[in-house]
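# Fold and contact review
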Amino acid sequence: SALVVSKADSGRPVGPGSTIDYTITVRNIGNAAATGVSVTDPVPSHTTFVSAGSGGYLGGSPLLRPTVRVVVGGALALGATFLIGRLLGTTLLA
């Protein structure tokens, strides 16, 4: 199996105090099923975990997904929602 992983947000503008939705997609472009696939994703800075689909849960700092199987040519989409903090800090980068 050969897996390709991508992560995208919902594409809508967000700011402090609003929620942001992410989708992680795992595609199997190989010639065999991928078994025992697990996905972890760090929680973005200045956010609070709200929810996750497809059995995802917060396990300390990373967002965890249960072990799954991705068939040949198949894909698995995993969604999560985070609340953006109201105070993001004042660090400026030059």
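Residue indices begin from 1 for each chain and proceed along its sequence in written order. Totals for whole chains, interfaces and linings use all residues, but because this is a predicted model, local features are given only for residues with pLDDT of at least 70 and pairs of side-chain atoms are given and counted only at 80 or more. Note that the side-chain values use all heavy atoms of the structure and ignore hydrogens as well as water.

## Let's talk about the overall build of the protein
Worth spelling out the cut-off: Secondary structure is summarised from DSSP: a helix means a run of H or I of at least four residues, a strand means a run of E of at least two, and numbering begins at the N terminus for each. Computation of the radius of gyration draws on C-alpha atoms, with the globule rule given as 2.2 Å multiplied by the number of residues to the power 0.38. Think of it in three bands: residues with accessible area under 20% of the maximum for their type are buried, residues over 50% are exposed, and the middle band is partly exposed, with areas taken using a 1.4 Å probe on protein chains only.
Scanning the protein from terminus to terminus reveals 0 helices and 9 strands. When its helices and strands are written in sequence order, the protein yields β-β-β-β-β-β-β-β-β. Taking 94 residues into account, the globule formula puts the C-alpha radius of gyration at 12 Å, and the protein, at 15 Å, lies well above it. For the protein, the spread of C-alpha atoms along the principal axes amounts to about 50 × 30 × 25 Å. Classification of the 94 residues of the protein by burial places 26% in the buried group.

## Description of the pattern of salt bridges
The criterion, for reference: When a carboxyl oxygen of Asp or Glu is within 4 Å of a side-chain nitrogen of Lys or Arg, the pair counts as a salt bridge.
In this structure the tally under the stated criterion is 2 salt bridges. Lys-7 serves as the salt-bridge partner of Asp-41, at 2.9 Å between the closest nitrogen and oxygen. A residue pair is termed long-range when its members are at least 10 positions apart, and Asp-41 in strand β4 (residues 40–42) and Lys-7 in strand β1 (residues 3–9) qualify at 34 residues. Note that Arg-12 and Asp-21 form a salt bridge whose closest N and O atoms lie 3.1 Å from each other. With relative accessibility at 37%, the residue Arg-12 sits in the partly exposed group.

## Concerning the pairing of strand β9 (residues 75–84)
For clarity, the cut-off: Strand pairing requires that DSSP identify at least two bridges connecting the strands.
Alignment of strand β2 (residues 19–28) against β9, held across 9 bridges, turns out to be antiparallel. Bridging across to β9, Thr-25 finds its partner in Ala-77. Pairing of strand β5 (residues 47–52) with β9 involves 5 bridges; the strand directions are antiparallel. Within the sheet, the bridge partner assigned to Ser-51 lies in β9 and is Thr-81.

## Details of the packing of aromatic side chains
Convention followed: Centres within 6.5 Å make a pair out of two Phe, Tyr or Trp rings, where for Trp the six-membered ring is used; the pair is then stacked when the planes are under 30 degrees apart, edge-to-face when over 60, and tilted otherwise.
Per the counting criterion, the structure on display carries 2 aromatic pairs. Both rings, one in Tyr-22 and one in Phe-82, keep their centres 6.0 Å apart while their planes meet at 65°; by these two values the pair is edge-to-face. Residue Tyr-22 is located in strand β2, and its partner Phe-82 is located in strand β9; the two are separated by 60 residues in the primary sequence. Just as Tyr-22 is buried, Phe-82 falls in that class too. Their ring planes at 70° and their centres at 6.1 Å tell us that Phe-49 and Phe-82 sit as a pair that is edge-to-face. With a gap of 33 residues between them, Phe-49 in strand β5 and Phe-82 in strand β9 connect regions that are remote in the sequence. What links up through ring pairs into an aromatic cluster is the set Tyr-22, Phe-49 and Phe-82.

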